[in-house]
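# Geometric and topological summary
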Amino acid sequence: MVMGCGNKAASSSAEGSAAGTSASDEKKSIGFVTFGLGGDFFQALADTFVSKFEEAGWDAQYEDGQFDPTKQIEAAENYIAMDVDVLVIWAVAPEAMDTVVQDAMAKGIKVISFVAELSDYDALMVSDDADLADCGAKLAAQWIDEKFADEDDHSVPVAVLSCRTAETGVVQADELIKIEEFSKKAKFVTEVECADENMATGQTAMENLYTEHPELKVFLSAHSGLATGVNNFFTSASSPVTDFADMGIFTVNGDASTAEIIKSSIDDEAPLRGMVLTGSVDDTAQEMLDVCTGVMDGSLEKGYVQKAGTMFVFADTVDEYLESGTVTSVTAEDFE
Amino acid sequence: MNSNRNERKGGVLTEVLALKNITKDYPGVKALDDVSISFEEGEVHALIGENGAGKSTFIKTISGAIKPTSGTIAYEGKEYPYLEPKQAIDMGIAVVYQELIQFEAMSVADNIFMGVESESKGLVVNEKERCEKAKALLAKFDCDVNPATLIRELSIANRQIIELAKAMVRNAKIVIMDEPTAAITVSEQEKLYQVVKQLKADGVTVIYISHRLEELFEICDRVSVLRDGQYVTTVNIEDIDKQDMIKYMVGRELSNAYPPKEPAQSEVVLEVENLSGNGVEGINFQLHKGEILGFAGLVGAGRTELMHLIFGNAKKTSGIIKVKGKEVHLSSANDGMKAGIGLIPEDRKFQGCFIDKPIFWNISISDIDHLTKGGVVDQKAEMKLAEDYKERLKIKTPFLKQLTSGLSGGNQQKVVIAKVLASNPDILIFDEPTRGIDIGARHEIYLLMNELAESGKSILMVSSDMEELLGMSERIIVLHEGHQAGEISKAEFSQERVLSFASGI
Amino acid sequence: MEKANKKSIGEILVDLSLPILLVALVIFFSIMTDKFFTPLNLTNILVQNVHVAVCSCAVMIIMISGGCDLSIGYQMSVAAVLVCKMMTVYGVPVPVALLCAVVLCSLLGTFNGFMAQKLKSNTMIVTLGTMAIFQGISYLISESKTYHNLPKSYMFLGQSKVFGVIPVNVIIMIVIVVIVGFVMGKTAIGRKVYAAGDNPEAGRLAGLNVAKIKVLSFTVAGVLVGISAILLSARSGSADSSTGVGIEFTGITACVLSGVALKGGEGTLWKVIVAVFVLGILANGMQLINLGTYPQYIAKGVIMLVSLYMTNKNSKAM
Amino acid sequence: MEKANKKSIGEILVDLSLPILLVALVIFFSIMTDKFFTPLNLTNILVQNVHVAVCSCAVMIIMISGGCDLSIGYQMSVAAVLVCKMMTVYGVPVPVALLCAVVLCSLLGTFNGFMAQKLKSNTMIVTLGTMAIFQGISYLISESKTYHNLPKSYMFLGQSKVFGVIPVNVIIMIVIVVIVGFVMGKTAIGRKVYAAGDNPEAGRLAGLNVAKIKVLSFTVAGVLVGISAILLSARSGSADSSTGVGIEFTGITACVLSGVALKGGEGTLWKVIVAVFVLGILANGMQLINLGTYPQYIAKGVIMLVSLYMTNKNSKAM
Ligand SMILES: Nc1ncnc2c1ncn2[C@@H]1O[C@H](COP(=O)(O)OP(=O)(O)OP(=O)(O)O)[C@@H](O)[C@H]1O
Ligand SMILES: Nc1ncnc2c1ncn2[C@@H]1O[C@H](COP(=O)(O)OP(=O)(O)OP(=O)(O)O)[C@@H](O)[C@H]1O
Ligand SMILES: [Mg+2]
Ligand SMILES: [Mg+2]
């Protein structure tokens, strides 16, 4: 590879593959560099990943990426040192991983690029950030257009709460603020930039936003923490709004506790009405296992792309999600 | 050891406190070596000895500030291996420490009353009552500092007085004073003597440490002498004279206290014209080559302020400073050093030395640029310099890599002097140079000052020790509340004259 | 000498620099947007900073005693998730849960103070260590979950208003601030905390049990941190492991801006509270005038420097 | 007399406590997993901590001079994104870019030092303010983008190996550590930095230009931070606004664990470097033995407390 380290690369790649073959009789090992932990979804995915692979006879472990590219590189390097067979990376900044990915491949380690697309990979399990936000906007648009069918075009005020301190946040916020393109009725009013993705931040931002724009009906966010904060604002005892029938909050990447709120929104007890996710935790982990097995036994070509499904959790599907952890009844096609 | 004698004499009826076979080891030094001294009720018992003899260590043992390595403390018949500060306080022991260990950011009243049980009984602090009490206490020393002032805004002298007031407030049975007169002037000293006499009349035992031997004759009943951490003797004050005291302390006789000095040359090295700023106003004087010019004044007269102004460490508002005929504009101490001026500050702990650094380090720092080879510190040259000053100033230490904080007060002062001398300035400012220095070492410093003057350096000396000022200076300038009250030439020297100028009469 | 008692105009101005800054910000934002100076928004500003103010009291006490606690944020996090988990998952009654939060935090605080004494170390670095420990504990308890659906009576503390106007949590804050202000400013024990921070050696020689005072300061601060955790989680009606994290920085910033000395022994509560609201108004106002995130950082930094300049104008260089 | 010059066994043990801890960790992890004590992994540990070590040198210099810089992480961030943007977007040649990074950081550092002097304020709080400013600037430059596809010659600094064995960045680190160690330990200017930090007042009266020395310390530290930013971005082959953020905490932790005094005037470089690698080995080893994330936090905190205990065993209580 470009940055190959001369003869060293060749020799170590030989070592690597030797280790790989000898290991193939024994347990195969896999390391997962997560995006970050903290948040039910990330954590559940990491845990399910380990249990799925261990069931299938792998040696599996994950390491917290801490939302930090440097930390992710170090975690990946350590996996290379541990001689894992497969490395799964969900990169915070995919480009930052270039070198370490090349290193890993030079040593014969298979690299699975998860969600964020690395520059090189043996297999890619993609769910495009922008796509996901797109789906979120569509889910919101559908609700708006149904709910406010009788209103004038572009008359329903919508706000976006963003956190632009990471690239994903920027990409997704840019997608969400295009809500008027998806919905005939929606009118984009303002975007609030938050310093982080925490609930408390979302609530504070919403309090301030409300003094300025009490007319807002719909709120979009790419961060479930912020969305939950907005929901907390409206459901609190001191809330200026008590009737949520014509209000909606939509988010990207929530978890089971978010789904609980969505369930209560059916009776208009809360305004948080929907979220979109990249597949269920269980399915995703299963898909990972399939892809990894395929890559190892050579049944999948290098460069294989697995499109991750998008789950839509809202009034119609929330029960399904809460029971099975997945949503199959509604897919992206339904929103085309 | 002659502890029997003590017991025979003091044990008759009223021994209150006895330290028995106290030993205190520090790394490399035996600060106290099997010392036994007993104290009687209502006596004023002086403790004397050279710098580093172990006086402060001894009294710290009594107050619980340190734990002795071995030995016992007998108080009212009970024996203790060591005391905790709280325990000592509860027993009625109050201490004025040599170093001012105070709450810098708190008020005078807080400092005086901190930890006093009767004051903290109620939930709420009665600020007004406290201030009044504090005022009354301070009045005993003729000190009119507002009790609400923060300690860090006070001069060293006033801080010393606050410490004295603090010792008074607890109605202690034993009051220990470690060099209480080192930083205050004659008039406060008189007040202090009165206070000590009053305490004595009330049956309080006073343990008094001082290097000013004269004052002992005025107030003390007995004197115990320490030398090199060992007990030498205890005598009644009537049975001893100053020469004997020195002999006990130093182990030999000292010649004339103030050595003679060649008169100054006519060349003027420093000229100050109408200088104002930093709390002083309209100062005029000339300093000649080889001269020792004294500055007198009461506490707060602004002598220290004037010195800092001349040194460049404070901003002048008007006036001219000329060094060797050329006007200089000093905006920092750095400029002052460059102009050939060196300052030995009065406050050694905060301004004088780097207390947590080794001795050699302190001595070399002001001349560090000249101790290098191509920017790299020449350690041999550095150690040699330090060794030289250790010899010259008789700094008492086992090794030069010792931290300065482990030195006795007087020896720390010597390190500060060495530090300034090392930068080899032409004009030296000595602000309270002998504060806390024993009589032997004092003599060495006087000799050193004369030697410096005779070698062509000029000296400005600020001192609150009247005798020293009269003995060493060739002229004295007296300040009063920031103004120049008068100038006295050697021929007219007398304590009365200085005092009358100083008090503005 | 009585003159020394009266302050010069310069000193008074320096003393009042924070209130002046606060008023300046209020005027500035009122001019910039008519949404700022409205009852609703002013209430918002109050409510948003209740837990910060309570926490800053804790930070101040610790700093005055000569310490510095970097683990406060994760103490809050541990308390918030533990209590909310207890109430929602195990159905523990609200009063018990409240008590638990306070007791737990006071224990964590005591642990910090005690370790600092035992390890003979600077509290800042000790709490950097315990912070990591508390962080781990918080995540172990919460399993990265968010706890919602807290009991109504719990949320009452953070959300309801007396007479429909004055938020309950604001009242709680005021009560706490008054008590802390009184204890630190007027009582003997408060004075001892200042003394222990100012010069521990002098304190020891004056017969104070300095070690005990220092540990106790951490304990009391822990109680306040616990209350702060309750107020915050009750306001949002939920808690996760990010609850409260980073609040110690806001607290330390407010304290230092208001002149609490990092080396201990100095600090005035009302100034700390004003500083909290300077920071709070700044954050609120910047959103209202719709400043982007990035310029917000810069503006905040500049305001901090300006405030330092105003506070220290007359003091000596360090 | 000379005997006192020799250190007692207790003191030597305390002096060596960090190396002992380091060896203990190495032994522990080597027993736990055979993947730990391999050339590849040991190289990893070195390479992963190169930028931390260089940064810790900067932190140490500032702390010895009596300051504390919380903005170092964002200085790195600004430098990294600016330089990478210059190279990738504007095609600026690599040497120019390198120079820019170093000059920029030294300017930012100088700004910090200068502000602290001008505002007569504690450096910690001043840099808390400038940190926010730098943060804003970094995001304004990067617009939250990641810059990659850096020139080969730039990445060479962070990724290539001499003779195929010794990483270039490790060599750079060693050179820097040696230089800094030499300057601080052996030269007059180093001595002055210690003096300025130990007792600024006494330093001033001894004729040192304390203000200049303090500002200069920040400038020099800035140079190191710039180099650190280069090393980090060259290693990852990319930069975004999170590059380097939070590193000051690791640096401060390493410094304080190794006994650099928070009040200034004390510190030994080799101990700081050992402390950096203690933290580095801990992080690496815990992943290798597959310790869960949350137990990792706890373990890190506990190790920090243990190390404090070992370092301060013989010292006086504070
Ligand atoms: N903390 C310490 N560490 C090491 N040595 C110490 C320490 N304190 C005192 N010493 C040593 O103990 C000896 C006695 O010191 P001490 O302060 O008692 O002398 P002193 O009689 O009070 O002198 P002075 O008149 O100068 O105040 C000195 O040699 C000093 O160096
Ligand atoms: N740090 C300070 N802050 C405020 N006032 C001060 C400070 N230092 C000194 N002063 C005041 O300045 C005046 C003169 O100072 P100082 O007492 O040091 O003069 P001095 O003649 O050198 O007396 P001495 O050396 O005997 O203490 C006094 O009124 C004192 O209270
Ligand atoms: Mg002494
Ligand atoms: Mg003076």
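Residues numbered from 1 in each chain as written. Chains lettered and ligands numbered in written order. Predicted model: local features only at pLDDT ≥ 70, side-chain atom pairs only at ≥ 80, totals over all residues. Heavy atoms only, no water.

In this section: the overall build of chain B. Along its length, chain B carries 19 helices and 22 strands. Rg of the C-alpha trace for chain B: 23 Å, near the compact-globule value of 23 Å for 505 residues, within the 12% margin. Taking the principal axes of its C-alpha atoms as reference, chain B extends roughly 70 × 55 × 45 Å. Per-residue burial over chain B gives 61% buried out of 505 residues. Taking the intrachain contacts of chain B between residues at least 6 apart in sequence as the baseline, contacts between residues at least 24 apart amount to 67%. Summing over all exposed atoms, chain B offers an accessible surface of approximately 18,900 Å²; the carbon and sulfur share of this is 48%. (Helix = DSSP H or I, 4+ residues; strand = E, 2+ residues; numbered from the N terminus. Rg over C-alpha atoms; globule rule 2.2 N^0.38 Å. Buried < 20%, exposed > 50% of the residue type's maximum accessible area, 1.4 Å probe, protein only. Contact = heavy atoms within 4.5 Å. Areas by Shrake-Rupley, 256 points an atom, 1.4 Å probe, with all protein chains shown as cover.)

Turning next to the overall build of chain A. What chain A contains, in helices and strands, is 12 helices and 12 strands. A globule of 336 residues ought to have a C-alpha radius of gyration of about 20 Å, and chain A, at 22 Å, matches this closely. Taken along the three principal axes of its C-alpha coordinates, chain A extends 70 × 35 × 35 Å. Expressed as a percentage of its 336 residues, the buried residues of chain A come to 61%. For chain A, long-range pairs separated by at least 24 residues make up 71% of all intrachain contacts whose partners lie at least 6 apart in sequence. When the 19 positive and 63 negative side-chain charges of chain A are each reduced to one mean point, those points stand 2 Å apart. (Lys, Arg positive; Asp, Glu negative; His and termini not counted. Charge placed at Lys NZ, Arg CZ, Asp CG, Glu CD.)

So, about the coordination of the magnesium ion (ligand 3). Put simply, the ideal angle at a metal is 109.5 degrees for four donors in tetrahedral geometry and 90 or 180 degrees for six donors in octahedral geometry. All names here are of chain B. The magnesium ion (ligand 3) binds to the protein through Ser56 (OG) and Gln98 (OE1), with metal-donor distances spanning 1.9 to 2.0 Å. Taken together, the positions of Ser56 in helix α2 (residues 55-63) and Gln98 in the loop between β6 (93-96) and α4 (108-113) put the pair 42 residues apart, joining distant regions of the chain. Side by side, Ser56 and Gln98 carry an identical accessibility label, which is buried. (Donors = N, O, S within 2.8 Å, 3.2 Å for Na, K, Ca; no water.)

Residues and elements named next belong to chain B. Close contacts around ligand 2 come from 14 residues, with Ser155, Gly302, Arg303, Thr304 and Glu305 the closest. The contact in question runs from an oxygen atom of ligand 2 to an N or O atom on the side chain of Thr304, over 2.4 Å. When ligand 2 sits alone it has 610 Å² of accessible area, and the protein chains cover 70% of it. Here the shell around ligand 2 gets 3 residues from one element, more than from any other, and that element is helix α11 (residues 303-311). (Near = heavy atom within 4 Å. Polar contact = N/O pair within 3.5 Å; in protein donor to acceptor, adjacent residues only side chain to side chain.)

It is worth spelling out helix α13 (residues 269-288) of chain D at this point. Residues and elements named next belong to chain D. The end-to-end C-alpha distance of α13 is 29 Å, a good match for the 28 Å that 20 residues give at a rise of 1.5 Å each. Burial of α13 is extensive: 18 of the 20 residues sit out of reach of the surface. Asn290 sits one or two positions beyond α13 and adopts a positive phi of about 60°. (Expected span 1.5 Å × (residues − 1).)

The next subject is the nonpolar core. Residues and elements named next belong to chain B. Formed by 279 residues in total, the largest nonpolar core has its most connected members in Leu17, Phe58 and Ile363. Ignoring any residue separated from it by four or fewer positions in sequence, one finds Ile363 in contact with Leu385, Ala386, Tyr389, Ile395, Val415, Ala418, Lys419 and Ala422. Formed by 52 residues, the second largest nonpolar core is a distinct cluster that contains Val116, Ile151, Val204 and Val299. (Core = buried A, V, L, I, M, F, W, Y, C linked by side-chain atoms within 4.5 Å.)

With that settled, consider the environment of Ala206(D). With respect to the secondary-structure elements, Ala206(D) resides in the loop between α10 (200-205) and α11 (210-236). Take Ala206(D): its relative accessible area is 3%, and that puts it in the buried class. Separated by 92 residues in sequence, Ala206(D) and Phe114(D) place their C-alpha atoms 22 Å apart. Setting aside its immediate chain neighbours within four residues, Ala206(D) contacts Met337(B), Ser366(B) and Lys419(B).

Residues and elements named next belong to chain A. With mixed pairing, the 6 strands of this open sheet are ordered in space as β7-β6-β8-β9-β10-β12. Of all strands in the sheet, those bounded by a partner on one side alone are β7 (186-193) and β12 (310-314). Put simply, the sheet's adjacent strands are angled 20° from each other on average, direction ignored. When strand β6 (residues 156-162) meets strand β8 (residues 218-221), the two strands line up parallel, connected through 4 bridges. (Pairing = 2+ DSSP bridges. Axes fitted to C-alpha atoms, helices over the stretch in contact; angles between N-to-C directions.)

What follows is about the interface of chain A and chain C. Interface extent is often summarised as the accessible area lost during association of the parts. Contact with chain A, which involves 32 residues of that partner, is made by 30 residues of chain C. It is Met199(A), Asn208(A) and Thr211(A) that lose the most area in chain A upon contact with chain C, and together they represent 22% of the buried surface on that side. Applying the counting rule to chain A against chain C returns 1 salt bridge. In this structure, Arg235(C) engages Glu207(A) in a salt bridge whose closest nitrogen and oxygen atoms are separated by 2.5 Å. Linking chain A to chain C there are 15 residue pairs in polar contact (both at pLDDT 80 or more). At the level of secondary structure, the elements contributing two or more residues to the side of chain A that touches chain C comprise α2 (40-55), β7, α8 (199-212), α9 (224-235) and α10 (256-265) of chain A. With 11 residues, the top contributor of residues to the side of chain A that touches chain C is α8(A). (Buried area = accessible area lost by both parts, 1.4 Å probe. Salt bridge = Lys/Arg side-chain N within 4 Å of Asp/Glu carboxyl O.)

Residues and elements named next belong to chain A. Judged by pairing direction, the sheet is parallel, and its 6 strands sit side by side in the order β2-β1-β3-β4-β5-β11 without closing on themselves. Of all strands in the sheet, those bounded by a partner on one side alone are β2 (58-63) and β11 (304-307). The mean inter-strand angle of the sheet, taken between neighbouring strand axes irrespective of direction, is 15°. Direction of pairing for strand β4 (residues 110-115) relative to strand β5 (residues 123-126): parallel, over a ladder of 4 bridges. Paired with Val115 across the bridge in β5 is Val126. The strands that helix α3 (residues 69-81) touches are β1 (28-33), β2 and β3 (86-89); relative to β1, the one it contacts most, it runs at about 170°.

Here we take up the coordination of the magnesium ion (ligand 4). Residue and element names in this part refer to chain B. For the magnesium ion (ligand 4), the protein coordination sphere consists of Thr304 (OG1) and Glu346 (OE), at 1.8 to 2.5 Å. With Thr304 in helix α11 and Glu346 in the loop between β16 (341-344) and α13 (348-352), the pair connects residues that are 42 residues apart, well separated along the chain. For Thr304, a relative accessible area of 16% corresponds to the buried category. Judged by relative accessible area, Glu346 falls into the buried class, the value being 16%.

A complete count under the given rule lists 54 salt bridges over all chains for this structure. Close ionic contact of Asp120(A) with Lys302(A) constitutes a salt bridge, the shortest N to O distance being 2.9 Å. Of the two residues, Asp120(A) is situated in the loop between β4 and β5 and Lys302(A) in the loop between α11 (281-297) and β11; the sequence distance between them amounts to 182 residues. One salt-bridge network, in which partners are shared between bridges, spans Asp110(B), Glu127(B), Arg130(B) and Arg191(C).

A separate point is the interface of chain D and chain C. Between chain D and chain C, the contact holds 44 residues from the first and 41 residues from the second. At the boundary of chain D and chain C, one finds 0 salt bridges. Among the elements of the structure, α5 (94-118), α6 (123-142), α12 (247-257) and α14 (293-312) of chain D are those that each provide at least two residues to the side of chain D that touches chain C. The dominant element in the side of chain D that touches chain C, judged by the number of residues it contributes, is α6(D), at 13 residues. Its residues assigned to classes, the side of chain D that touches chain C comprises 26 nonpolar, 12 polar and 6 charged. (Nonpolar A, V, L, I, M, F, W, Y, C, P; charged D, E, K, R; others polar.)

Within the chain, Asn424(B) stands out as a residue other than glycine whose phi angle is a positive 55°. Looking at where Asn424(B) falls in the secondary structure, it is placed in the loop between α16 (409-422) and β19 (427-431). Although it is not a glycine, Asn290(D) adopts a positive phi angle of roughly 60°. Residue Asn290(D) is classed as partly exposed on the basis of its relative accessible area of 36%.

Below, the discussion takes up the pairing of strand β11 (residues 268-277) of chain B. Residues and elements named next belong to chain B. Among the 10 residues that make up β11, 7 are buried, leaving the element largely enclosed by the rest of the structure. Two strands pair when backbone bridges link them, and β11 and strand β12 (residues 280-288) are joined in this way by 6 bridges, in the antiparallel orientation. If you follow Glu271 over to β12, its bridge partner there is Gln286. Hairpin remark: β11 followed by β12, antiparallel, with 2 residues in the connecting loop; positive phi at Asn278, about 55°.

This part covers the site of ligand 1. Residue and element names in this part refer to chain B. Around ligand 1 sit 21 residues in total, of which Asn51, Ser56, Thr57, Gly406 and Gly410 are the nearest. Measuring from an oxygen atom of ligand 1, one finds a side-chain N or O atom of Gln98 at 2.8 Å. Between ligand 1 and the protein, one listed contact pairs an oxygen atom with a backbone N or O atom of Gly406 at 2.7 Å. Isolated, ligand 1 exposes 630 Å² of accessible area, and the fraction of that covered by the protein chains is 88%. The set of elements that each furnish at least two residues to the shell around ligand 1 consists of β2 (29-40), α2 and α16. The element that contributes the greatest number of residues to the shell around ligand 1 is α2, accounting for 3 residues.

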